[in-house]
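The primary structure of each chain is shown beneath.
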Amino acid sequence: MLKPILLVEDNPKDLELTLLALARSNLANEVISVRDGEECLDYLLLRGPYANRPRGNPAVVLLDLKLPKIDGLQVLEEVKKDPTLQGIPVVMLTTSREEQDLLRSYKLGVNAYVVKPVAFKEFMSAIEELGVFWAVLNEPPPGSLKTGRPAPSE
């Protein structure tokens, strides 16, 4: 079983386009979408409505920067300081080109910062490439298998 991709997006249009682009890339990974930073942390920390979800971390978190309740930078900070979560690749997927957002994201440990293209074709292409890279091509850290099966030492 492949690890899921966790998509954190509050904009319904961007959510729909991102899901479409990931589907077009023919990834076998399930895409789990949540609408705000609080729901993202609930999913990752197995609490609230996600307390009984299958154990294990996603292959990657595609994280919007501007989110309700808890913003993307706060989510990133929580993920990277938690020993059970810090190995999860986090890609900031945002419309923000502000240098302060970029610098803060990298300071907090983001793995990549991608500005969402405005044009439909470029947006679709960028998301397809992101999905393939992080779910298929990227080698996860030791002890974390792409298949979602526990490592032999676990």
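Data block above holds the structure.
Presented here is a report on the structure given in the accompanying data block.

Thresholds applied
Residues numbered from 1 in each chain as written. Predicted model: local features only at pLDDT ≥ 70, side-chain atom pairs only at ≥ 80, totals over all residues. Heavy atoms only, no water. Helix = DSSP H or I, 4+ residues; strand = E, 2+ residues; numbered from the N terminus. Contact = heavy atoms within 4.5 Å. Areas by Shrake-Rupley, 256 points an atom, 1.4 Å probe, with all protein chains shown as cover. Buried < 20%, exposed > 50% of the residue type's maximum accessible area, 1.4 Å probe, protein only. Polar contact = N/O pair within 3.5 Å; in protein donor to acceptor, adjacent residues only side chain to side chain. Phe/Tyr/Trp six-rings, centres within 6.5 Å; stacked < 30°, edge-to-face > 60°. Lys NZ or Arg CZ within 6 Å of the ring centre and 35° of its normal.

## Let's talk about the overall build of the protein chain
Here comes step 1: When you go through the protein chain residue by residue, the secondary structure sums to five helices and five strands.
Here comes step 2: Along the chain direction, N to C, the helices and strands of the protein chain fall in the order β-α-β-α-β-α-β-α-β-α.
Here comes step 3: Looking at the protein chain alone, contacts between residues at least 24 apart form 64% of all its contacts between residues at least 6 apart.
Here comes step 4: Looking at the protein chain as shown, the accessible area adds up to about 8,400 Å², and 54% of this sits on carbon and sulfur atoms.

## Remarks on the side chain of Asp36
Here comes step 1: Structurally, the position occupied by Asp36 is in the loop between β2 (31-34) and α2 (37-44).
Here comes step 2: Judged by relative accessible area, Asp36 falls into the buried class, the value being 9%.
Here comes step 3: Within polar-contact distance, the side chain of Asp36 engages the backbone nitrogen of Glu39 at 2.7 Å.
Here comes step 4: Excluding its chain neighbours within four sequence positions, the residues that come into contact with Asp36 are Val8, Leu67, Pro68 and Lys69.

## Digging into the packing of aromatic side chains
Two aromatic rings, taken as a pair, are described by how far apart their centres are and by the angle between their planes.
Here comes step 1: Scanning the model with the defined rule gives one aromatic pair in all.
Here comes step 2: Between Tyr43 and Tyr50 the ring centres are 5.3 Å apart and the planes differ by 75 degrees, which places this aromatic pair in the edge-to-face class.
Here comes step 3: Under the relative-accessibility criterion, Tyr43 is labelled buried at 5%.
Here comes step 4: Tyr50 gets classed as buried once you look at its relative accessible area, which sits at 15%.
Here comes step 5: Here the guanidinium or amino end of Arg53 rests over the ring plane of Tyr43, the centre of that ring lying 4.0 Å away.

## Some words on α2
Here comes step 1: Counting buried positions over the eight residues of α2 gives six, a clear majority of the element.
Here comes step 2: Regarding α2, the residues found buried are Gly37, Cys40, Leu41, Asp42, Tyr43 and Leu44.
Here comes step 3: Against β1 (5-8), β2, β3 (60-63) and α3 (72-81) lie the buried residues of α2.
Here comes step 4: Two to three positions downstream of the cap, the backbone nitrogen of Glu38 sits 3.0 Å from a side-chain oxygen, assigning the N-cap of α2 to Asp36.
Here comes step 5: Trailing α2 by a residue or two, Leu46 shows a phi angle of about 55 degrees, which is positive.

## Quick look at the environment of Asn57
Here comes step 1: Take Asn57: it is sitting in the loop between α2 and β3.
Here comes step 2: A relative accessible area of 24% places Asn57 in the partly exposed class.
Here comes step 3: Residues Asn57 and Leu45 lie twelve residues apart in sequence; the distance between their C-alpha atoms is 9.3 Å.
Here comes step 4: Setting aside residues no more than four positions away along its own chain, Asn57 makes contact with Lys3, Thr84, Leu85 and Ile88.
Here comes step 5: In this structure the side chain of Asn57 is engaged in a polar contact, spanning 2.9 Å, whose partner is the backbone oxygen of Thr84.

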